[in-house]
Amino acid sequence: MDSINHNTSLRTNKHLSYEERFFIEKQLQAGVSKTAIANALGRSRTTIQSEIQRGSVEQIKAGKRVLMYLADYGQLNYEKTRQGSFNTRKAGIIVPFLSWVENQVLIHKWSLDAAVGYALRKCLFVRNEMVSTKTLYNYLHEGLLRIKPMDLPLVLRRSTRKSNTRKHKKNLGKSIDLRDESILTREEFGHWELDTVRGIKDKHDEVIISLLERKTRAYVTLRSPSAKAADIKNTLESWLLSFSTRDSLQQLCKTITADNGLEFASIAELETEYLQVFFAHPYAAWERGSNERHNGLLRRIIPKGTAIRDVSEATLRRATDWCNTLPRKILNYRTPQEVFIEEVNKLLGF
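Conventions used here
- Chains are numbered independently. Their residues run from 1 in the order of the written sequence.
- pLDDT decides what is reported in this predicted model: residues at 70 or higher carry local features, side-chain atom pairs at 80 or more are listed and counted, and totals for whole chains, interfaces and linings draw on all residues regardless.
- Remark: hydrogens and water are excluded; side-chain values derive from all non-hydrogen atoms of the structure.
- Secondary structure elements follow DSSP: runs of H or I of four or more residues count as helices, runs of E of two or more count as strands, with numbering from the N terminus.
- Burial classes: relative accessible area under 20% of the type maximum marks a residue as buried, over 50% as exposed, and values in between as partly exposed (1.4 Å probe, protein chains only).
- The criterion used for residue contact is that any of the two residues' heavy atoms lie within 4.5 Å.
- Salt bridges are defined by distance alone: a side-chain nitrogen of Lys or Arg within 4 Å of a carboxyl oxygen of Asp or Glu.
- For helices, the axis comes from a line fit to the C-alpha atoms of the stretch in contact; other axes are also lines fit to C-alpha atoms, and the angle between any two N-to-C directions lies between 0 and 180 degrees.
- Oblique is the label for any angle not under 35 degrees, not over 145, and not in the 65 to 115 range, which are roughly parallel, roughly antiparallel and roughly perpendicular in turn.
- Should the near helix be turned anticlockwise from the far one by less than a right angle, the crossing is termed left-handed; should it be turned clockwise, right-handed.
- We treat two strands as partners when DSSP finds at least two bridges between them.
- Positive charges come from Lys and Arg, negative ones from Asp and Glu, while His and the chain ends are left out of the count.
- Classification used: nonpolar for Ala, Val, Leu, Ile, Met, Phe, Trp, Tyr, Cys and Pro, charged for Asp, Glu, Lys and Arg, polar for all others including Gly.
- Any two of the Phe, Tyr and Trp rings considered here, Trp counted by its six-membered ring, make a pair once their centres fall within 6.5 Å; the pair's planes then place it as stacked at under 30 degrees, edge-to-face at over 60, or tilted in between.
- Given a helix with a known number of residues, its expected span is that number minus one, times 1.5 Å.
- It is the directions from the helix axis to the C-beta atoms whose arc is reported.

**A closer look at the overall build of the chain**
Now for step 1: Counting its secondary structure elements, the chain contains 11 helices and eight strands.
Now for step 2: A buried classification covers 42% of the 350 residues belonging to the chain.
Now for step 3: A fraction of 60% describes how many contacts in the chain between residues 6 or more apart in sequence connect residues 24 or more apart.

Shown next as structure tokens:
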């Protein structure tokens, strides 16, 4: 070959230089094929083809409009495109953002996605001073953060088993099949999921009754003296009476969906003209998935094996408040507490 740029191997991961663009322009004017130009520069023919398309401009030759490749125009387009690109490895220049994310995860136990979404929503940092959630996870696995994988205990688990809906072994009340299908959309406020959280296998230990409002993801925890059906019913009844004195607040709780545990054997007696109680299918935790998810969050602060009677009221309130002040992607990175207050204000006419 007569070109000093010729080599036997392709150059990869290197952008075209201005000199190479000038070489392309002159070779095209001389009638050289794109394949020959690519071989001369040690580039892929696709690279040359793409560059010619980007750098071609309409010119008038002999009174006719023709497309011509110009090195200056190709370089201008290249520089313009590069202005909008970001360095994917910029951990060293976004230290304030990374430090803030680390603190949110280590101190407040947020997820990486919650931190990124909240920072974007509140405009805490300029966009080019941040990185995406995916990039943060890349930094995490590369050891560039103070955070370790063990600091993010929630791991996505998917069951490959086919769902097998079984009939109720015991009839505690109305089946979830009778519940209005519109509740599945989560568009209406006032529909709750119910479960219990136990500490140790001791029938004399206290239990935590957990409730979750489906639309806002607001989480409520109540302490019950035991897991006996009568104690569960009385504790839940006291909670319902706390806001049923005002007609507007009766709409806070329209339905409750519980599992088929014997501890809920008496809650169907709480039904009124304003409240309906339903029971999910056996072995179908996904029918109350949001409640199960939040019970998992509660376990981060009150782990299994901890006697509930030994858990102070302050600890229980702190764990509940943390669940309700955690920004959620599903809520556009608002907190359940914010969304719940908005819905209550609507009921009160504010």
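**A closer look at the pattern of salt bridges**
Opposite charge on two side chains permits them to pair, given that their charged atoms come into close proximity.
Now for step 1: Here the structure, examined in full by the defined rule, presents 22 salt bridges.
Now for step 2: Here the salt bridges share partners, and the residues they tie into one network are Asp195, Asp259, Arg288 and Glu292.

**Here we look at the packing of helix 5 (residues 95–106) against helix 6 (residues 112–122)**
Now for step 1: Helix 6 packs onto helix 5 with a crossing angle of 125° between their chain directions and a minimal axis gap of 9 Å. As far as their axial angle goes, helix 6 and helix 5 are oblique. With respect to the hand of their crossing, helix 5 and helix 6 are arranged in right-handed fashion. Counted together, Phe97, Trp100, Val101 and Val105 of helix 5 and Leu112, Ala115, Val116, Tyr118 and Ala119 of helix 6 form the full contact between these two elements.

**Topic: the sheet that holds strand 6 (residues 219–224)**
Now for step 1: Spatially, the six strands line up as an open sheet ordered 3-8-7-4-5-6, and their pairing is mixed. Each edge of the sheet is formed by a strand with only one pairing partner; in this case those strands are strand 3 (174–175) and strand 6.
Now for step 2: Sheet analysis places strand 4 (residues 191–197) next to strand 7 (residues 255–258), joined by three bridges and oriented parallel. Counted as the bridge partner of Glu193 is Thr257 from strand 7.
Now for step 3: Against the sheet, helix 9 (residues 289–301) engages strand 4, strand 5 (207–213) and strand 6, with an angle of about 45° to strand 4.

**Re the side chain of Glu287**
Now for step 1: Within the secondary structure layout, Glu287 lies in the loop between strand 8 (276–279) and helix 9.
Now for step 2: It is Arg288 that comes nearest to the buried, bridge-free Glu287 among opposite-charge side chains, at 6.8 Å.
Now for step 3: The residues contacting Glu287, other than those within four sequence positions of it, are Ile176, Glu193, Arg214, Ala280 and His281.

**A few points about the packing of helix 6 against helix 7 (residues 133–141)**
Now for step 1: Contact geometry for helix 6 and helix 7: axes closest at 9 Å, N-to-C directions at 135°. Judged by the angle between their axes, helix 6 and helix 7 are oblique. The chirality of how helix 6 crosses helix 7 is right-handed. For the pair formed by helix 6 and helix 7, the contact residues are Leu112, Asp113 and Val116 on the first element and Thr133, Leu136 and Tyr137 on the second.
Now for step 2: Partitioned by chemical class, the residues of the contact of helix 6 with helix 7 number four nonpolar, one polar and one charged.

**Notes on the packing of aromatic side chains**
The geometry of two aromatic rings is summed up by the distance between their centres and the angle between their planes.
Now for step 1: Counted under the stated rule, the structure contains seven aromatic pairs.
Now for step 2: A centroid spacing of 5.4 Å and a plane angle of 80° characterise the contact between Phe97 and Phe125, whose relative ring orientation is edge-to-face. Taken together, the residues Phe97 in helix 5 and Phe125 in the loop between helix 6 and helix 7 connect sequence positions 28 residues apart.
Now for step 3: For Phe97, a relative accessible area of 0% puts it in the buried group.
Now for step 4: Judged by relative accessible area, which is 18%, Phe125 ranks as buried.
Now for step 5: On the basis of an interplanar angle of 90° and a centroid distance of 6.3 Å, the ring pair of Trp100 and Trp110 is categorised as edge-to-face. Taken as a pair, Trp100 in helix 5 and Trp110 in the loop between helix 5 and helix 6 lie far apart in primary sequence, 10 residues in all.

**Things to note about helix 11 (residues 336–348)**
Now for step 1: Spanning 13 residues, helix 11 covers 18 Å between terminal C-alpha atoms, matching the ideal 18 Å at 1.5 Å per step.
Now for step 2: Inspection of helix 11 places Pro336, Val339, Glu343 and Val344 among the buried residues, and these make up the whole buried set. Taken end-on, helix 11 shows its buried residues confined to a sector of 135°, consistent with a single buried face.
Now for step 3: A positive phi of about 80° marks Gly349, the residue just after helix 11.

These values are about where atoms sit, not about what they do.
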